[in-house]
Structures are given as C-alpha cells and as structure tokens.
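Spelled out, the chains give:
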Amino acid sequence: MSVLIAFLSLVVEFALGYPDWLFRAIGHPVTWFGRLISFLDRRLNRATDPDALRRKRGVQALLVIVLVPAIVGLGVQILFWFVPMGLVITALLATSLLSQKSLYEHVEAVADALDTGGIALARLAVSRIVGRDPETLDRAGVCRAAIESLAENFSDGIVAPAFWTGVGGLAGGAAYKAANTADSMIGHRTPRHEAFGWAAARFDDWINLPASRLTALLIVLAAFFVKGADVKKAWHAVRRDAKKHRSPNAGWPEAAMAGALGLALAGPRFYGGVLVDDVFMGEGGRREADSLDIRRALKLYRVADYLLIALFGLVSVVVIVVT
C-alpha cells in the first residue's frame, strides 16, 4: 500500500500544505533531521582529524541520519496498520515530507514582489528559496533564480519524496528526506565538509536520479497543456543540455523548464561570493526573464504536479486491482 500512501499524501498536501500552527507547535521533520545532522556534525567532524577519518565518520553519520528516520517511519506505519483509518493517518503524516503548496507560494511571492515592491523586495523573496548571492542579481537574474529553484525543488521536494514513499512507505519517504537534508547541510565542497559530507552528497546524487528524470518528463508533458509552452524545445533541451549540468540531477528539470519557456537558465552565478561557472540549460534561449515568465513557470509546475498526482493515482489503482 506504499503507492496508495504516496498518492493520498500528494492529494492532501496539495490542498492543505503544512499548517503554520502545526509548525509552531511541533516544528517540521526537516527541522528534526537538521538537529540530528548538526549534532553528528559537531561530535564527529573534527577539523584536526585527517580527511580519510573524516570521510569514514561521514559515512557513519549518514547511516545514522538515514536509518533512524527509516526505523521510526517503519515503526509508525506498522503501528497504524492495526488502527482503524490507519492508512489515512499514515498518509497524513507523509504529507509533511512534501512541499507542493509552499513551493508554489514561495515562488509566486517572488513574482508578486517584482510586480508590487521592486527589485529590493524581490531579492529578499528569492533569497528564501535559493542559495546564491541575491545582491548580485538584477531583475532578470531574480526571475531566472526563482524559475530554476521551482524546477529543482519540484524534483527534490515533491517528486523524489513521493517516489521513495511509493517505494518504501513512510520509512522510505522519511529516509529520503533525511538524506536530502543532510546533503543541503553538510554536502558542500567547503574545508569543513569536503571530506565529512562526501558520503551525504554522493548518496543524495544517487537517490535523486529517478525523480530528476521523471520530473523532466512531467514538465515536458505539461508543456502540451500550457499555452505558450513549447514541447519540442523542452524535450530537445533535456536531451542536449541536462547532462552538461554540474549536478547529475538538477539539469534535468531545469533544462525541461528552460526549453518549455524559451529561456536560458543556470549558467554562471555567485554562491558566497564565489563564481560558479556552469553551462546554460536551454542554451540559446532568452536570458531577459520577467515576472510573467515566473508565472508561466508556475502554470507548468501546477500542470506537471497534476500529472504526478494522476500517475500515482493510476499506479495505486493498478496495484489494488492486481493484489
């Protein structure tokens, strides 16, 4: 019933999101995982240790980070299996692993800021969803950053946790989210985390492979239904550009989004004052993006999300019929 749990959680989270009152009361799974990761980072990652030892301890930390949420998730799912409406309760818990509603709202806030408050407010809004230096971004740069974040987070924040929940139930979804959080916290090529975070970064690359490809396909298919989007250019951009990205996964949804909208995304950009010289996704497309392009990207995202929910619903029906 893992696929059905994933389907129900997608439907509920799409409609309700993660309530603010619940976040204020108990936090969020990502904050819980973050505390565990920070604790392990402080205890195991010592700057005086050789890199080989730090890498070994990074592997040990990753095992704890992944296995603890997986075991807890499995225990909760088994517990509710024997409770009336237990499947629904489990699905409700799994909604905390998704971010359909919040992703839409955060990206829409960037477009709204550009239209009503100008570049300063837009930089503040986009800084909440991207890691690059917002002060280096002009109006077009803010728009491209928001669209890139939308594409990448559709994969990491929605498709991937739904996929792994569908594969392994609440345990699979929780393990994925914990590993993805670890990558965002310690999977950076910095002096502190180059060795210790190596395992987290490589593992995150691996577990996001299926979702990134599926996300690209969903965006390409969504272009059929969105006025002004180009299916052929989206498919061509994926085939031509996706594998050129410095990330083995981010290029797939970004290239699909870039091609569908006729934009050039990614490319050189600043992180922490350091220029990252990446290739363009949708090479040859427009770089002068505006708030209208953000809203077009949101339409693509919304349709692609509908397709994702429909896909999980269809697979759920097939599984129920077969079993």
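Report on the accompanying structure. Once a new chain begins, its residue numbering starts again from 1 and follows that chain's sequence as written. Confidence filtering applies because this is a predicted model: local features only for residues at pLDDT of at least 70, side-chain atom pairs given and counted only at 80 or more, and all residues used for totals across whole chains, interfaces and linings. Excluded from the side-chain calculation are hydrogens and water; included are all heavy atoms of the structure.

The next subject is unusual backbone geometry. Most peptide bonds adopt trans geometry, and most residues besides glycine take a negative phi value. Notably, M85 is not glycine yet its phi reads approximately 60°, a positive angle. Helix numbering and strand numbering both begin at the N terminus, where a helix is a DSSP run of H or I of at least 4 residues and a strand a DSSP run of E of at least 2. Here M85 lies in the loop between α4 (51-81) and α5 (86-94). The phi dihedral of A266 falls on the positive side, at around 65°, and the residue is not glycine. As for its placement among the helices and strands, A266 is situated in strand β1 (residues 265-266). Burial classification: accessible surface area is computed with a 1.4 Å probe over protein chains only, and a residue below 20% of its type maximum counts as buried, one above 50% as exposed, and the rest as partly exposed. By relative accessible area, which is 3% here, A266 ends up buried.

Helix span, expected: 1.5 Å multiplied by one less than the number of residues in the helix. With 17 residues, helix α6 (residues 100-116) ought to run about 24 Å at 1.5 Å a step, and its terminal C-alpha atoms sit 24 Å apart, in line with that. For α6, the set of buried residues is Q100, L103, V107, V110, A111, A113 and L114. Elements in contact with the buried residues of α6: α1 (2-16), α7 (119-127), α8 (139-186) and α13 (291-322). Once α6 finishes, G118 follows within two positions and takes phi at roughly 90°, a positive value. In what follows, residue pairs with any heavy atoms lying within 4.5 Å of each other are defined as contacts.

Another point: the layout of surface pockets. Here a cavity denotes a set of grid points, spaced 1 Å apart and computed over the protein atoms alone, in which a 1.4 Å probe fits but from which it cannot get out, and a pocket denotes an open set meeting protein on both sides within 12 Å along at least five of seven lines; residues with an atom within 4 Å of a point are reported as lining. Grid points are joined across faces, edges and corners, and a volume is the space filled by probe spheres set on the points. When its volume is computed, the second largest pocket comes out at roughly 510 Å³. Secondary structure elements with two or more residues in the lining of the second largest pocket: α1, α2 (20-26), α3 (29-44), α4, α5 and α8. When residues of the lining of the second largest pocket are assigned to their parent elements, the largest contribution, 5 residues, is made by α4. Looking at the lining of the second largest pocket residue by residue, the classes come out as 20 nonpolar, 4 polar and no charged. Polar here means any residue other than Ala, Val, Leu, Ile, Met, Phe, Trp, Tyr, Cys and Pro, which are nonpolar, and Asp, Glu, Lys and Arg, which are charged; Gly is therefore polar.

For the rest of this paragraph, the subject is the environment of A120. Within the secondary structure, A120 is located in helix α7. Taking C-alpha positions, A120 is 19 Å from R295, a pair spaced 175 residues apart along the chain.

By themselves, these are just geometric observations and shouldn't be taken as functional.
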